[in-house]
Each structure stands twice: as C-alpha cells, then as structure tokens.
Amino acid sequence: MTITELIEKRNKSWNAAKAFVETKRDKDGILSEEDAKTYAEMEKRVKDISAEIDRMQAMEAMERELNKPTSTPITENPMNTRSEKPKKTGRASDEYKQAVLNALRSNFRQVSNIMQEGVDADGGYLVPDEYDSRLITKLTEENVIRRLGHRLSTSGDHKINIAASTPAAAWIEEGESLTFGDATFDQIILDAHKLHVAVKVTEELLYDSMFDIENYLFDAFGKALANAEEDAFINGDGNGKPLGILAAAGGAQTGVTTASSTAITADEVINLVYSLKRPYRKNAVFIMNDQTIAAIRKLKDGNGMYMWQPALTAGEPDRLLGYPVHTSQFMPTIAAGAKTIAFGDFSYYNIGDRGSRSLGELRELFAGNGMVGFLAKERVDGKLVLPEAVQCLQMKA
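A few points on the structure. (Residues numbered from 1 in each chain as written. Predicted model: local features only at pLDDT ≥ 70, side-chain atom pairs only at ≥ 80, totals over all residues. Heavy atoms only, no water.)

### Thoughts on the overall build of the protein chain
Then, number 1: Along the protein chain, the regular secondary structure elements total ten helices and 14 strands.
Then, number 2: Looking at the protein chain as a whole, 41% of its 397 residues qualify as buried.
Then, number 3: Within the protein chain, contacts between residues at least 6 apart in sequence are counted, and of these 75% link residues at least 24 apart.
Then, number 4: Approximately 22600 Å² of the protein chain is accessible, and the part contributed by carbon and sulfur atoms is 50%. (Helix = DSSP H or I, 4+ residues; strand = E, 2+ residues; numbered from the N terminus. Buried < 20%, exposed > 50% of the residue type's maximum accessible area, 1.4 Å probe, protein only. Contact = heavy atoms within 4.5 Å. Areas by Shrake-Rupley, 256 points an atom, 1.4 Å probe, with all protein chains shown as cover.)

### Considerations on the pairing of strand β10 (residues 323-327)
Then, number 1: In terms of burial, β10 is largely enclosed, as four of its five residues are buried.
Then, number 2: Where strand β7 (residues 285-288) lies against β10, three bridges are found, and the strand directions are parallel. When the sheet's bridge partners are listed, I287 is paired in β10 with H326.
Then, number 3: Bridging between strand β9 (residues 319-320) and β10 involves two bridges; their strand directions are antiparallel. Paired with R319 across the strands is P324, a residue of β10.
Then, number 4: Linkage of β9 to β10, two consecutive antiparallel strands, is achieved through a turn of two residues, within which L321 is found at a positive phi near 55°. (Pairing = 2+ DSSP bridges.)

### Quick look at the packing of aromatic side chains
Then, number 1: Tallied over the entire structure, the rule returns six aromatic pairs.
Then, number 2: Judged by centre distance (6.5 Å) and plane angle (75°), the ring pair of F286 and Y323 falls under edge-to-face. A residue pair is termed long-range when its members are at least 10 positions apart, and F286 in strand β7 and Y323 in strand β10 qualify at 37 residues. With respect to class, F286 is no different from Y323; both count as buried.
Then, number 3: Relative to F343, the ring of Y323 has its centre 5.0 Å away and its plane inclined at 80°; by these criteria the two rings are edge-to-face. In this pair, Y323 is assigned in strand β10 and F343 in strand β11 (residues 339-344), connecting sequence segments 20 residues apart. For the pair Y323 and F343, a shared accessibility class is recorded, and that class is buried. (Phe/Tyr/Trp six-rings, centres within 6.5 Å; stacked < 30°, edge-to-face > 60°.)

### Section: the pairing of strand β5 (residues 193-202)
Then, number 1: Here β5 shows a buried face lined by H193, L195, V197, V199 and V201 and an unburied face lined by K194, H196, A198, K200 and T202.
Then, number 2: Two elements, β5 and strand β13 (residues 371-384), share ten bridges in a ladder whose sense is antiparallel. Paired with L195 across the bridge in β13 is E378.

### Details of unusual backbone geometry
Then, number 1: Even without a glycine there, the phi angle at L321 is positive, about 55°.
Then, number 2: Within the element layout of this structure, L321 appears in the loop between β9 and β10.

### Let's talk about helix α1 (residues 3-24)
Then, number 1: If you check α1, its first and last C-alpha atoms are 31 Å apart, about what 22 residues at 1.5 Å a residue would give, namely 32 Å.
Then, number 2: Every buried residue of α1 is accounted for by I3, L6, I7, R10, N11, S13, W14, A17, K18, F20 and V21. (Expected span 1.5 Å × (residues − 1).)

### Considering the nonpolar core
Then, number 1: Ranked by size, the top nonpolar core spans 24 residues in total, and within it V269, F286, M288, I296, L320, I341 and F343 carry the most contacts.
Then, number 2: Of all elements in the fold, only α8 (266-275), β7, α10 (290-296), β10 and β11 reach the threshold of two or more residues within this core.
Then, number 3: For this core, the element with the highest residue contribution is α8, accounting for four residues.
Then, number 4: Discounting chain neighbours no more than four positions away, the residues touching L320 are V269, F286, M288, I296, M307, W308 and V325. (Core = buried A, V, L, I, M, F, W, Y, C linked by side-chain atoms within 4.5 Å.)

### Details of the sheet that holds β9
Then, number 1: Read across the open sheet, the seven strands follow the order β6-β14-β11-β7-β10-β9-β8; overall the sheet is mixed. Both edges of this open sheet fall to β6 (253-257) and β8 (308-309), since each of them pairs with a single strand only.

### Some words on the pattern of salt bridges
Then, number 1: The full count for this structure, using the stated rule, is eleven salt bridges.
Then, number 2: The partner of E22 in a salt bridge is K300, and the shortest N-O contact between them spans 2.0 Å. Taken as a pair, E22 in helix α1 and K300 in the loop between α10 and β8 lie far apart in primary sequence, 278 residues in all.
Then, number 3: Note that K223 and D219 form a salt bridge whose closest N and O atoms lie 3.4 Å from each other. In this pair, K223 and D219 are both assigned in helix α7 (residues 213-235), four residues apart and thus about one turn of the helix distant.
Then, number 4: In this structure K223 comes out as partly exposed when scored by relative accessible area, which is 37%.
Then, number 5: Among the charged side chains, a network of salt bridges with common partners joins R146, R151, E229 and D353. (Salt bridge = Lys/Arg side-chain N within 4 Å of Asp/Glu carboxyl O.)

In structure tokens:
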C-alpha cells in the first residue's frame, strides 16, 4: 500500500471515528463505557496508520539516500583537456577526507600531515567540508528548531540590532515646523557554547573494513547533537548553553494561561492563536509534544468541528486551526505551570554556528572494555530575538 493510500485510509478512519462519537452520545453528550472503548480502538487505529505513514516516509528517504549515484557523471568532452575542474584544497580535498577516515579507523594512530590543515584550536581535527555539510543536514532533519529557525555562521560574538522604539508620527498644520522621533535599538549577542558528544565503537567493528564506520559515526554524531541542541533551543537557560524559547527571561511571551492545571480547552487554543500579532501569524506554526497532541486531537471548536486536521499530502504536517503542527519530545507535558504549547514564527529564533565541527579521540577511556571512543565538538548559541513573535500556552499553576 502506498503512502497516499494510507493517508486516504487514515482520513476515512478519522472521519468514521468522529461520526461514531456524534451518533453515540446520550442526551448529556456522554459516551457509554462500551462506546468509549470502541472509540478508543478507532482512535488507536488512526494513530497506528499515522505511525506506519511516518515509517514509510522514513524508508523512502533512506531509499533515496542509498540510491544516490556513487560517482559524478562525466558532463564534459573527455577529449577536451583544457577545461579541467579546479582541484579541491584544504578540508574540501579528497586527500583530507581520506586522511580523516584513516585516522578514525586507526583510532588516530595514523595521522597524515595533511590533517594539520584542519587542526582545531581546542584539540582534535576539523571535519572535512563534505562531512560537516552532512552533519548540518542531519541536524536540520532531526532538529525541529533548526528547521524552523534562522541559522547564522559566526566567527566571533554576533551582534543583532533590535528596534526598541519606532519614530513617532504626528499631524501638523501647514507651515508649522516638523518634528521627528528618533528610533532606538537594543542589541542581542550570539555567543558560542561548547557541545560535546561521545560515541563508542567496538575494536572489531572499527578495524573491519567492511563496516561503514564513516556513515555510522556521522549519523550517530548528527542525531546526538541534534537532540542536545533541540532540548537547549527549547528549554535552555542561557548558562553554558543557548537561551531556549521557553526561558522565563528572554524567551517567548505567555499568550494564554489555562483555567485548569490538567486540561486544555478549545477556546484556550483559539485564544492562543489570536494572542499572536497578525504579522507573525502569516508564518506561524505550533510546537508541542505527543502527549499534548493526544489531548488536542479530541477538541472541537464552537461549531462542533474537530480542530485537528490530519495531513492530506505525504510529507506535510498535520494542522490545528489551519496552522502546521510540529512535535518535539522536549516540549513540556501537560502539568501545573508548564508551558505546553508554543505558537508563532520561529524564524525569529536565531541560531549561531561558530566555526566548523571537530573530531577527536578519547584515549584509553574505554580501552578496558575493548571499545574505542570518538568525540565530536561544536560551538553554537541560540536566542529568540523578538519574544513577541512566539506566544505560549501555560497551564494554571
């Protein structure tokens, strides 16, 4: 069965579940215990189909990756020797890439002189350009905030000017003198916080030439870095890590506080949408965790229509009140005082990447277990430059 067929099947199942609820409510609008159990099974089937859609989409993405050509096709006249491609140098060269791979397999016992071109000031070796790009791609794929935020490459403290006031306008009589207001600016500085990730590999796998150590390590590094980043981009307090979207000071504003500490109503979600200023709503999205989504799926608007709208097209996110919904395991669950839903234009969250990522070895740390350790390091910071661009729904304390 294709992804499109599964999406259609999910939509039919969800519509059937909604219709079942409408026809089974008693005069007080309550389902019987037996009907509630039947509805729970119907809802579980919708979730199972959604999980299968996600699985098939991931398989398709892996299939596309594996089917990529392993070499670049010839696009020029083979006999024309005058138009040679410029040779790559430094960390972009094939020699540097191969030297790094040899160093990985030998636990950095075989270090070529060419690797001196990529020595990191803090120790270790800068990853080759191609690998660094692959890590960036992996971080973007795994990290919802990197997908939605604005990324900057920095070489030092990056200062961002934010308008603190706007010039005043006034009506004047003809012939009277003009007056002008002066705009003032605040500054937000993107620093660089260090993030380290360690990966252990058995000596047998490391020295097995048939094992694709290159892809394994960079896939593991990418996922681990992405998870640590996403957690900090959402919950970071700015001390030794980025300042997260949910930070009490410098984070998003609280648009709605719920009347209950354990439940969210449809009206509160609607109020959250309109607590965000109109210009930001144009590119706004929701971010919440799976447990919150499970609660939101049951909500209806004032017209009795379910607020949740499953995606109709493969690869598209589900929608809530017409806005895309993204999930993050690092968003808080429904609990007293928790900020469970963030809604806004997350392009105002700026991510500053300082320099390139680097690789190193962990000497002797795991030697007693027959393991070899590798270390990936990066320096990154993140801040929400306009707190009003994102509004949160906070549970009653």
